[in-house]
Structures are given as C-alpha cells and as structure tokens.
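# Architecture and fold: a report
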Amino acid sequence: TMVVPALPEIQRDLGARATDVTWLVTGFLLVSSVTTPILGRLGDMYGKERLLLASLAAFAAGNLIAALGHTLPVYIGGRAIQGLGGAILPLAIGIIRDEFPRERVAMGIGLISAMFGIGGGVGLVVSGLLVDGLGVDSIFWLSLLVSVIAAVATWRFVPESPIRVRARVDYTGALLMTATLVPLLLGVSEGNRWGWTSPAVLGCFAVAAAMLALFSVWELRTTD
C-alpha cells in the first residue's frame, strides 16, 4: 500500500500521465494474483519456508530496482517483481498450520491476518510522511530494509515444514491459469478507463473465458 500515496508525486516528477502511473499498482496486482497460487503450491511440494524466503527475496529485489530506477518503466518493472511477494501471507499461514499446536492455529492465523490489515493501513500513513519529507525513493528503501530483516528472521527462526505433497509440477496448468487470470484482471483493472463496453475490455473478458474453458478441460484430465 505504500506506493499508493506516492502516485501523484511520481506523476509530477516524471511528467507522466495518470493512466500510466497507475500501472505501478496494476502491474503488482497482476503478477501477485498469478504467482500467489503457483508459489503456494510449490511451497506445499518443496517447502513453505524455502518458498517464503524466495518470495521475500523477490520482494526485496523489486524494491531495490524501483529505488534505483527513476524512470516509469523501471518503477513498473520493480513493482511487478514485488508482486512475487504476494505469496508471503498464504505461505506464512501454511507454516502456522503445519507447525503450531492445533489449539494455537486459529489464534496464529487470526493474528497474522490482523497484522496484514494493520500493516496496510500503517503503510499508507508512513508512505505519505516519507514522500513529503524524503521523496519517493525512501518508501522503496524502507520496504527493502523491512524485507531483508524479515528474510533474515525467517531464515533464523522459522522451521521448515515437514509436510510435503508428492506431486509433479503442472506447467501447462500454470500457463493456462496465467492466461486466464491476466486478461480477466486486466479488464477489471482498466474497465473504468477503457470503458466497460469497449472492445479492449470485452476482448479481455472473452480471452479469459476461453482460457478458463481450456484450463478446466486440462485440469479435469490432470492428476496433479
């Protein structure tokens, strides 16, 4: 959420259009929506702590790229890489489910979900203060610092889950799911600007529907 208050400042600094700057949000959401179920599944197969570290590392890398960028394409690219961090919450919930005593699982999941919501609100406030006082890049440096601290703490204190799912990676299913979600979410995200009955939005929805049909047929015939 820290990037949201910074959008007007980024637009002024770069002389960009508002429709272009909003891709800092859209790009993150698109990547996050696609990669979260994939990374969650890989966490079930290869270790949730391992994939949590990978997600935190990707989020940190995206912050570093954005902090050093100073151009709109680099900002958007950094934010897209940050989208790989979307799997952090479900992987953390999975670790709690696997590692906590049964009587503490509900409390742990509730606590981490509350942190997620509170953190989003705090991020909006902190971002506004940082952008006004130190500039746009400061929000990415702060996010990078927090990501590194979280990664070190995860590596040091979070045990690897002993629970594994024995399965093959469904590469075709992952590609078909991506081809379904991206046009669907793109149409929803850009509907107000492009027009809900515009050829672009209707085309996105049509592609998403066709890909969903193919995805369904494929998954009905796939074991894993």
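Residues numbered from 1 in each chain as written. Predicted model: local features only at pLDDT ≥ 70, side-chain atom pairs only at ≥ 80, totals over all residues. Heavy atoms only, no water.

## A word on the overall build of the chain
The condition is simple: Think of it this way: any DSSP run of H or I at least four residues long counts as a helix, any run of E at least two long counts as a strand, and we number them from the N terminus. Taken over C-alpha atoms, the radius of gyration is set against a globule rule of 2.2 Å times the number of residues to the power 0.38. When a residue's accessible area, from a 1.4 Å probe over protein chains only, is under 20% of the maximum for its type it is buried; when over 50% it is exposed; and in between it is partly exposed. By the convention used here, residues are in contact when the closest approach between their heavy atoms is within 4.5 Å. Areas reported here follow the Shrake-Rupley algorithm with a probe of radius 1.4 Å; residue values treat only the protein chains shown as occluding.
A tally of helices and strands in the chain yields 10 helices and zero strands. Going from the N terminus to the C terminus, the chain shows its helices and strands as α-α-α-α-α-α-α-α-α-α. Taken over the C-alpha trace, the chain has a radius of gyration of 19 Å; the compact-globule value for 224 residues is 17 Å, and the two agree within 12%. Taking all 224 residues of the chain together, the buried fraction comes to 36%. Relative to all contacts within the chain whose residues are 6 or more apart in sequence, the contacts with residues 24 or more apart total 75%. When the accessible surface of the chain is split by element, carbon and sulfur atoms take 71% of a total near 12,200 Å².

## Focus: the side chain of Arg 79
Our working rule: Only four residue types enter the charge count, namely Lys and Arg as positive and Asp and Glu as negative; His and the chain termini do not. Any Lys or Arg side-chain nitrogen found within 4 Å of a carboxyl oxygen on Asp or Glu counts as a salt bridge. Whenever two N or O atoms come within 3.5 Å, that pair is a polar contact, provided that in protein one can donate a hydrogen and the other can accept it, and provided that, for residues adjacent in sequence, both atoms are side-chain atoms.
Along the chain, the position of Arg 79 falls in helix 5 (residues 72-82). Buried charge Arg 79 goes without a salt bridge, the closest partner of opposite sign being Asp 137 at 12 Å. Engagement of the side chain of Arg 79 in a polar contact is seen with the side chain of Gln 82, the distance being 2.9 Å.

## Focus: the side chain of Lys 48
Mapped onto the elements, Lys 48 comes out in helix 4 (residues 48-69). At a separation of 3.5 Å, a polar atom in the side chain of Lys 48 contacts the side chain of Asp 44. Not counting chain neighbours up to four residues away, the residues in contact with Lys 48 comprise Gly 43, Leu 91, Gly 94, Ile 95, Arg 97, Asp 98, Glu 160, Ser 161 and Ile 163.

## Some remarks on the packing of aromatic side chains
Filter applied, for reference: For Phe, Tyr and Trp, rings pair up if their centres lie within 6.5 Å, where Trp contributes its six-membered ring, and each pair is then called stacked (planes under 30 degrees apart), edge-to-face (over 60) or tilted (otherwise).
A complete count under the given rule lists one aromatic pair for this structure. When the ring of Tyr 75 is compared with that of Phe 140, the centres are 5.8 Å apart and the planes differ by 25 degrees; the resulting orientation is stacked. Of this pair, Tyr 75 sits in helix 5 while Phe 140 sits in helix 8 (residues 137-157), and the two are 65 residues apart along the sequence. Of the two residues, Tyr 75 and Phe 140, both sit in the buried class.

## A few points about the pattern of salt bridges
By the definition in use, this model includes seven salt bridges. Here Arg 12 and Glu 9 are joined by a salt bridge, their closest N and O atoms 2.6 Å apart. Here Arg 12 and its partner Glu 9 are both found in helix 1 (residues 7-14), three residues apart, which amounts to about one turn of the helix. For the salt bridge of Asp 98 with Lys 48, the shortest nitrogen-to-oxygen distance reads 2.6 Å.

## Section: the packing of helix 3 (residues 23-46) against helix 9 (residues 171-194)
For the record, the criterion: Angular values range over 0 to 180 degrees, each being the angle between N-to-C directions of two axes fitted as lines to C-alpha atoms, with helices fitted over their stretch in contact. Angular relationships are summarised with four words: roughly parallel below 35 degrees, roughly antiparallel beyond 145, roughly perpendicular across 65 to 115, and oblique for the angles in between. Handedness of a helix crossing follows the sense of rotation of the near helix relative to the far helix, less than a right angle counterclockwise being left-handed and clockwise being right-handed.
Where helix 3 contacts helix 9, the two axes come as close as 10 Å, and the packing angle between them is 150 degrees. Here helix 3 is positioned roughly antiparallel relative to helix 9, judged by the angle of their axes. By crossing handedness, the relation of helix 3 to helix 9 is classed as right-handed. For the pair formed by helix 3 and helix 9, the contact residues are Trp 23, Thr 26, Leu 30, Ser 33, Val 34, Pro 37 and Ile 38 on the first element and Ala 174, Met 177, Thr 178, Leu 181, Val 182, Leu 185, Leu 186, Ser 189 and Glu 190 on the second.

## Brief notes about a nonpolar patch on the surface
This is how it is decided: Note that patches include only residues with greater than 30% relative accessible area and no salt bridge, and the join distances are 9 Å for like charges and 5 Å for nonpolar side chains (Val, Leu, Ile, Met, Phe, Trp, Tyr).
A cluster of nonpolar residues, Val 4, Leu 124, Val 125 and Leu 129, forms a patch on the protein surface that exposes about 370 Å² of accessible area. Along the chain, Val 125 falls in helix 7 (residues 102-134). The exposure class of Val 125 is exposed, given its relative accessible area of 56%.

## What to know about the confidence of the model for the chain
The condition is simple: Every residue carries a pLDDT, the predictor's confidence in it, which falls somewhere between 0 and 100.
Overall, the predicted model of the chain reaches an average pLDDT of 91, with 100% of residues at or above 70. Taken element by element, the chain is modelled with least confidence in helix 2 (residues 18-21), mean pLDDT 84, and with most confidence in helix 10 (residues 199-220), mean pLDDT 96.

## Here's the deal with the packing of helix 3 against helix 5
The cut-off we apply is this: Gly falls in the polar group here, along with every residue not listed as nonpolar (Ala, Val, Leu, Ile, Met, Phe, Trp, Tyr, Cys, Pro) or charged (Asp, Glu, Lys, Arg).
Where helix 3 contacts helix 5, the axes come no closer than 7 Å and their chain directions differ by 30 degrees. The pairing of helix 3 with helix 5 is recorded here as roughly parallel in orientation. Here helix 3 and helix 5 pass one another in a crossing that is right-handed. Between helix 3, through Trp 23, Leu 24, Val 25, Gly 27, Phe 28 and Val 31, and helix 5, the contact on the second element is made entirely by Leu 72, Tyr 75, Ile 76, Arg 79, Ala 80 and Gln 82. For the contact of helix 3 with helix 5, the class distribution of residues is nine nonpolar, two polar and one charged.

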